[in-house]
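Geometric and topological summary
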Amino acid sequence: MDFFDKDITTHNFPEREIVQKRFNDLDGLRHVNNGVQQSYFDIGRANYLKRIYGEKFYCNDRVLLVASYKTDFIAQIRLEDNVEVCTSVYHLGNKSLRMIQVIRGTEDGRIYTKSDSVMVAIETKEGKSIVIPEEWRKKIEEIEK
């Protein structure tokens, strides 16, 4: 069984961000649009990466880029639902890592949406994959304790 398919309701997510929904996040069915939910995951991912990169978040010549993701939409998110995006790295490979994220209710922990992504370390000048730098590994291990 893949980590994505496990019951992750009790998983310890080290990065959590309350999502401020806006009226224009809703679609014609009056729930948060699926594409907008991907932007919520981007918020969580960016906050996690800031913890790894530090001050060099926007001016780093080595970055982690999303190579693929799978998202399951479990329940509709309505404007009145209070949610947070939670982020965790659960596998650290040589040149890539796997990140699990959920959008869940802040009061009841109900999982509305979950996403599993693969991120690859890239050197931006050459545009080629690199081994994940040791300083990033150490930061990730600290964050995930």
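Residues numbered from 1 in each chain as written. Predicted model: local features only at pLDDT ≥ 70, side-chain atom pairs only at ≥ 80, totals over all residues. Heavy atoms only, no water.

This paragraph deals with the side chain of Thr87. Inspection of the secondary structure assignment puts Thr87 in strand β3 (residues 83-92). Judged by its relative accessible area of 0%, Thr87 falls in the buried class. Residues within four places of Thr87 in sequence aside, it is in contact with Phe13, Pro14, Glu15, Gly44, Arg45, Tyr48, Met99, Ile100 and Gln101. (Helix = DSSP H or I, 4+ residues; strand = E, 2+ residues; numbered from the N terminus. Buried < 20%, exposed > 50% of the residue type's maximum accessible area, 1.4 Å probe, protein only. Contact = heavy atoms within 4.5 Å.)

Tyr48, Ile52, Tyr53, Leu64, Leu97 and Trp136 are the most contacted members of the largest nonpolar core, which has 17 residues in total. Looking at this core, the elements that each hand over two or more residues are α1 (34-53), β2 (62-73), β4 (96-105), β5 (111-123) and α2 (134-143). Residues within four places of Tyr53 in sequence aside, it is in contact with Asn60, Arg62, Val63, Leu64 and Trp136. If you look at the next biggest cluster of nonpolar residues, it comprises twelve residues, including Val36, Ala75, Ile77 and Val85. (Core = buried A, V, L, I, M, F, W, Y, C linked by side-chain atoms within 4.5 Å.)

Another point: the environment of Ala67. Following the sequence through the fold, Ala67 ends up in strand β2. Taking the C-alpha atoms as reference points, Ala67 and Lys145, separated by 78 residues in sequence, lie 25 Å from one another. With near-sequence residues (within four places) excluded, Ala67 lies in contact with Val118, Met119 and Val120.

Between the first and last C-alpha of α1 there are 29 Å, a value that for 20 residues agrees with the 28 Å anticipated at 1.5 Å per step. Residues Val36, Gln37, Gln38, Tyr40, Phe41, Gly44, Arg45, Asn47, Tyr48, Leu49, Ile52 and Tyr53 constitute the buried set of α1. Here the buried face of α1 lies against β1 (15-18), β2, β3, β4, β5 and α2. Structurally, the start of α1 carries an N-cap: the backbone nitrogen of Gly35 is 2.7 Å from a side-chain oxygen of Asn33. Among the residues trailing α1, Gly54 stands out with phi positive, at a value near 70 degrees. (Expected span 1.5 Å × (residues − 1). Polar contact = N/O pair within 3.5 Å; in protein donor to acceptor, adjacent residues only side chain to side chain.)

Summed over all chains, the structure comprises one aromatic pair. When the ring of Tyr53 is compared with that of Trp136, the centres are 5.1 Å apart and the planes differ by 50 degrees; the resulting orientation is tilted. Of this pair, Tyr53 sits in helix α1 while Trp136 sits in helix α2, and the two are 83 residues apart along the sequence. Of the two residues, Tyr53 and Trp136, neither departs from the other in class, the shared state being buried. (Phe/Tyr/Trp six-rings, centres within 6.5 Å; stacked < 30°, edge-to-face > 60°.)

Applying the stated criterion across every chain yields a total of seven salt bridges. Linking Glu15 and Arg51 is a salt bridge whose minimum nitrogen-to-oxygen distance equals 3.0 Å. In this pair, Glu15 sits in strand β1 while Arg51 sits in helix α1, placing the two residues 36 residues apart along the sequence. Note that Lys70 and Asp72 form a salt bridge whose closest N and O atoms lie 3.0 Å from each other. (Salt bridge = Lys/Arg side-chain N within 4 Å of Asp/Glu carboxyl O.)

This next bit is on the environment of Asp27. Inspection of the secondary structure puts Asp27 in the loop between β1 and α1. Polar contacts involving the side chain of Asp27 include one to the main-chain amide nitrogen of Leu29, which spans 3.0 Å.

With that settled, the discussion passes to the packing of α1 against α2. Between α1 and α2, the least distance of the axes is 9 Å, while the angle of their chain directions is 120 degrees. Between α1 and α2, the angle is such that the two are oblique. The handedness of the crossing between α1 and α2 is right-handed. Contacts from Tyr48, Arg51, Ile52 and Tyr53 in α1 reach Trp136, Lys139, Ile140 and Ile143 in α2. Along the lines of polarity and charge, the residues of the contact of α1 with α2 split into six nonpolar, no polar and two charged. (Axes fitted to C-alpha atoms, helices over the stretch in contact; angles between N-to-C directions. Parallel < 35°, antiparallel > 145°, perpendicular 65-115°, else oblique. Left-handed = near helix turned anticlockwise from the far one by under 90°. Nonpolar A, V, L, I, M, F, W, Y, C, P; charged D, E, K, R; others polar.)

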